[in-house]
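# Coordinate analysis (summary)
What follows is the residue order along each chain.
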Amino acid sequence: SRNTTLGGTHWHDKLFEHEHLFGDQHQQRCDETSVRNLFERYANDPLDSQPDRIGPHGVARLLRDLSLDAEDRRVLVLASKMEAQVMCEFSLPEWLKGMQTLNTIFRFTKNAIISVQPVYQFAFGYGKKAGHRNLDLDIALVYWRILFQDQFPLLSLWEEFMTAQGKPVTRDTWNLLGEFAATFSEDLSDYDEDGAWPVVLDKFVTWARPRVSEMGSNYKNI
Amino acid sequence: MYSLRPKAIDFDAMWGSLEPSIIDIIMLKPITNKEWNYMFGDIYEICVAIPDPLTDKLYAAVKSALERHATTQYEKLSDVPSAELLNEYHRLWQVYHAGARYVHSLFRYLNRQYAKTRKTNEVNTMPDYQNFAMYIQEPETKEIGSLALEMWRSRVMCPLLQSLTSLLLAAIADDREGKSVGDPGIVSGVIQSFVQVEESFGSDFVAIIPQDKPKVNFEFYRQSFENKFLENTKVFYGQLADRLLEKMDCSQYMRTVIGKLEEEEKRTHRFCPTITLAPCTKICQEVMIERHKERLHAVAPEMIENEKTEDLRNMFILLKPLPSGLSLLVAEFEKYVKRKGHEAVGSLQGDTIPQQFVERVLAVHEKYAAMKDQVFMQNPEFSGALDKALQAVVNVREDNKKGPPKASERLARYTDLLLRKSVKGFTDPEMESSLSKAIIIFRYIEDKDVFQKYYQKMLSQRLILSLSVSMDAEELMITKLKNACGYEFTSKLNRMFTDIGLSKDLGTKFKDYLVEKNIKANPTMTPFVLQAGAWPIAATPTAPIPTNNDNEGNTPQLSFVIPSVLADSAQAFQAFYVGSHNGRKLTWLWHLSNVDVKLTYADKPYIAVMSVHQMALLYCFSEADSMTLESLEEQTKLTGELLQRNVKALTESGLLGMEKKLAVTEQLPSDSIFTLNKGITNKKIKFKVSVPQMQRQQEKESEHVNTTVHQDRKYYMECAIVRIMKTRKVLRHAALVQEVIEQTRTRFSPDIPFIKKSIEDLIEKMYLTRTDTHDEYQYLA
């Protein structure tokens, strides 16, 4: 079974580099006023239309200040800690909650390891269009890349397979893929067809096995 | 008479007279009743003597007397030449054994004393295992009979054991070679003595306590004779088998072995105690069959291939007793039947494919069921193999295994032909047996739901168009289906039946209504009122319904203009029906209605039976003798292929003439001109205009059946899963799949991906969820 955590320490360090953004809260108690001030700094961006929220442009600015790329895994971790409901937006309650959580993490653990599963499961709801049951494939593909890069050796095969299928992703498939990625060996020899895996994963395994064995050695090098 | 009161006795004097008499008795020398009684009395007195009973002394004296006697017997035998030994031993044993019984009986009192003490001891110590274990060590004292036998065993048999056993084995070997062994009673008698010396004579009072029944102990027999005998048997038949196989082929070998096995069984039965029969047979089977079964297996496929019934029967007999000995033969049989079946149904051609299919599968079934019964003696393993093979044949997927199995459709068409009125009439028993045969195949069908769909369609046609050969036959078939598949399976078919019955009543009531209300509604009509849902038609009209969107406000069905002459009847019925069944909605299915049309312009008063569509077309010619296709379309609002086909049917029947002949496949141009053929002639007064088969109708039908079946299955599957999960609440994946297969078996055989997909869909719909445990689901209320 593969390591199912993300390198949380890195993103911890990153925050330290930008101490000035967060005041000195990591040393003292989480100070609500300074967190609110920080929120005000990014909320109500003139280019954003949503009042009293950090909108897409505000988020972009925040990421710039944090030197984070939009497709950085840590952005999703941040959003998941905030329990953000809408992509690229933060409300004040979300912001307060997220900062509180992060502060706790930093204060008590010097080497914060953040488990990938909650972030992964969060990502489905986060990326899903409101009112839709399933996650659009294009967004799913982006998230998989963000979250599974270097984590799931079969990622590019999976992407190829799903692109060919061209269907939106159900929550069940999404969740089970997380488990799938963490469970089976790279050549899929230990995959259990009689198990409860979704049909789409059965199909993927059938499709991928010959390809994996063909490119077996390449994958081992990754 | 003597007194029973204990008294002092002179043991030596008493024993002095007892001893020779005891020896006389054991040698079966005659003694008088009086002597016997005196002896009995003496023994009693010794046992109850005062001041102390002398039982033990008596026992010791008897023991040494018997010992001496037995030794004498041995001495007699030790001089006998070996050729005579068995005879002589047997003679002496017979005497000794019988004599010992009398002596045993003479010492009844003593036996009883010992037995009593033993009994009390046993009862007292029974619950305590350790005490009991101590007790089961060979008791010092025995009943006198057993003591006598023990003496024979130790003083006579043991020293002679070697010679006796080898003589016995030699005699049996002679018998096996077919040589005479003299009196077989001697051999079996001597063998019997090995068992008899371990038996006890028992006595009336011992038998009172049932658990005390003397158990026959075969230990001595086993160790001193049976083991050697079995060893001997193994060697003998092992060598025999090798010799036989050198000069015989398998088929001869099997015949011979069966004979040998029977002989040896009889022989063992004749010579040995029954307990030896089973191990002896087992050894024979081991060395003659098990050891060479590869050779039998090697020829099995060929024998099956050539249907060598006798050989196969022999092989079956030989292999059956071996542990899982039949599996290879069973597998070969299955493979063979499957291949024969595939061959039989692989090359179907022509219009009668359904009949060919059914008949050929039945022929295969009949042939190999007979083989299973006669050759393989109705063995369940072979029944299973036959069923599996036929199931594979019936449900074979054609077109490179991609297409759906055709069996359901074919079987439905086959039954349709049986149940349709035809020239060839069936008697009731013939019909019954034909339908039963259809059921044989039906049971093998995996996707019974597909059959149901086809059957329902065809039944509906037969019922509506009154094409059924008889209602009894129809009902018989439905009953058979119900028996095979359950009530639910035939419920729709039953509802269709009910509709037809109710419609007859309704027709009568309608007539009464017309008379009562004094309504003239000509022509008379026979209504069929069919409940929506039960019939496969309303949802799926077999003829395409013309759509005419220009015709405002009309539903597509109404775009067809019914001939005015029919309108009165239709309206009258509508009024009658809606009046008596408030709130019900009638939809007219013109494309399924038939009319009798009387031709008044021809030489004879012909009656042409045709569909309402055809009549509408023909009716246009009341006003004009010739018309263009275009104006026919205009007047009837029939369009497209429906129009084309019906017009063609009318021209083909001779009712209409056309200016120039066109090939059947050709499209009629809209300016084609048709004329009423007034010179029409027909051999029959009443004739039928063929109902046009819509292009690729059968294929469309199949296609349609397949899609509806898929939907039905999906629904049925989800229901089954929800039902199971509702009761179980939490269930492992494998268990759920198993139960689902179990529940859907009577209708179809779902594949695993289909089941999994349904489970996933139910997860999506929040009926189920996965638990934290891997491979497990939970029901969400």
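Everything in this summary refers to the structure shown in the same document.

What counts, and where the lines are drawn
Residues numbered from 1 in each chain as written. Chains lettered and ligands numbered in written order. Predicted model: local features only at pLDDT ≥ 70, side-chain atom pairs only at ≥ 80, totals over all residues. Heavy atoms only, no water. Helix = DSSP H or I, 4+ residues; strand = E, 2+ residues; numbered from the N terminus. Buried < 20%, exposed > 50% of the residue type's maximum accessible area, 1.4 Å probe, protein only. Areas by Shrake-Rupley, 256 points an atom, 1.4 Å probe, with all protein chains shown as cover. Contact = heavy atoms within 4.5 Å. Phe/Tyr/Trp six-rings, centres within 6.5 Å; stacked < 30°, edge-to-face > 60°. Lys NZ or Arg CZ within 6 Å of the ring centre and 35° of its normal. Buried area = accessible area lost by both parts, 1.4 Å probe. Salt bridge = Lys/Arg side-chain N within 4 Å of Asp/Glu carboxyl O. Polar contact = N/O pair within 3.5 Å; in protein donor to acceptor, adjacent residues only side chain to side chain. Nonpolar A, V, L, I, M, F, W, Y, C, P; charged D, E, K, R; others polar. Pairing = 2+ DSSP bridges. Axes fitted to C-alpha atoms, helices over the stretch in contact; angles between N-to-C directions. Parallel < 35°, antiparallel > 145°, perpendicular 65-115°, else oblique.

## Comments concerning the overall build of chain A
- Within chain A one finds 12 helices and four strands.
- Here chain A, with 222 residues, has 49% of them falling under the buried criterion.
- Here chain A has roughly 11,200 Å² of accessible surface; of this, 50% comes from carbon and sulfur atoms.

## Quick word on the overall build of chain B
- What chain B contains, in helices and strands, is 29 helices and nine strands.
- When the 781 residues of chain B are sorted by exposure, 46% land in the buried category.
- Counted over contacts in chain B with a minimum sequence separation of 6, partners at least 24 positions apart contribute 73%.
- With an accessible surface of roughly 41,000 Å², chain B has 52% of that area assigned to carbon and sulfur atoms.

## With respect to the packing of aromatic side chains
All names here are of chain B.
- Inspection of the entire model under this criterion finds 47 aromatic pairs over all chains.
- Each ring, one from F442 and one from F489, has its centre 5.7 Å from the other, and the planes form 55°; the classification is tilted. Residue F442 is located in helix α19 (residues 428-444), and its partner F489 is located in helix α22 (residues 487-517); the two are separated by 47 residues in the primary sequence. In terms of burial, F442 and F489 fall into one category: buried.
- Between the NZ or CZ atom of R153 and the centre of the ring of F220, over which it lies, the distance is 5.0 Å.
- Positioned above the aromatic ring of F442, the side-chain terminus of K448 is 5.5 Å from the ring centre.

## Some points on the interface of chain A and chain B
- Each side of the interface is counted separately: chain A has 15 residues, and chain B has 11 residues.
- Carbon and sulfur atoms make up 46% of the surface buried where chain A meets chain B, a total of about 1,100 Å² over both sides.
- The largest share of the area that chain A buries against chain B comes from D172(A), A196(A) and V199(A), three residues that together contribute 48% of it.
- Inspection of the region where chain A meets chain B yields two salt bridges.
- One salt bridge connects D202(A) with K756(B), and the closest N-O pair in it is separated by 2.4 Å.
- At the surface where chain A touches chain B, the tally comes to eight residue pairs in polar contact (both at pLDDT 80 or more).
- The element best represented in the side of chain A that touches chain B is helix α10 (residues 171-183) of chain A, accounting for four residues.
- Each residue belonging to the side of chain A that touches chain B can be placed in one class, and the counts come to five nonpolar, three polar and seven charged.

## A word on the sheet that holds strand β6 (residues 686-688) of chain B
Residues and elements named next belong to chain B.
- With mixed pairing, the three strands of this open sheet are ordered in space as β1-β2-β6. Here the strands that pair on one side only, and so sit at the sheet edges, are β1 (594-598) and β6. The average undirected angle you get between the axes of adjacent strands in this sheet is 25°.
- In terms of strand pairing, β1 meets strand β2 (residues 607-611) through five bridges, oriented antiparallel. Opposite K598, over in β2, you have I607 as the bridge partner.

## Quick notes on the pairing of strand β9 (residues 776-779) of chain B
Residues and elements named next belong to chain B.
- Summarising the sheet, strand β7 (residues 730-732) and β9 pair through three bridges and their orientation is antiparallel. Paired with L731 across the bridge in β9 is Y777.
- Bridge count for strand β8 (residues 768-770) against β9 is three bridges, and the pairing is antiparallel. Its bridge partner lying in β9, T769 is registered against Q778.

## Points about the sheet that holds strand β3 (residues 626-628) of chain B
All names here are of chain B.
- If you trace the three strands from one edge of the open sheet to the other, you get β3-β5-β4, paired in antiparallel fashion. The open sheet terminates on both sides in strands that have one partner only, identified here as β3 and β4 (656-658). The sheet shows a mean angle of 30° between the axes of neighbouring strands, direction not considered.
- Bridge count for β4 against strand β5 (residues 673-676) is three bridges, and the pairing is antiparallel. Directly across from L656, in β5, lies its bridge partner L676.
- In the packing of helix α25 (residues 629-636) onto the sheet, the strands contacted are β3 and β5, and the crossing angle to β3 comes to about 85°.

## Focus on the packing of α22(B) against helix α23 (residues 564-580) of chain B
Residues and elements named next belong to chain B.
- Look at α22 against α23: their axes get within 11 Å of each other, and the N-to-C directions meet at 100°. It follows that α22 is roughly perpendicular to α23 by the angle criterion. Note on element contacts: α23 touches α22 through S569, A572, F573, A575, F576 and Y577, opposite L506, K509, F510, Y513 and L514.
- Taken together, the residues that form the contact of α22 with α23 break down as nine nonpolar, one polar and one charged.

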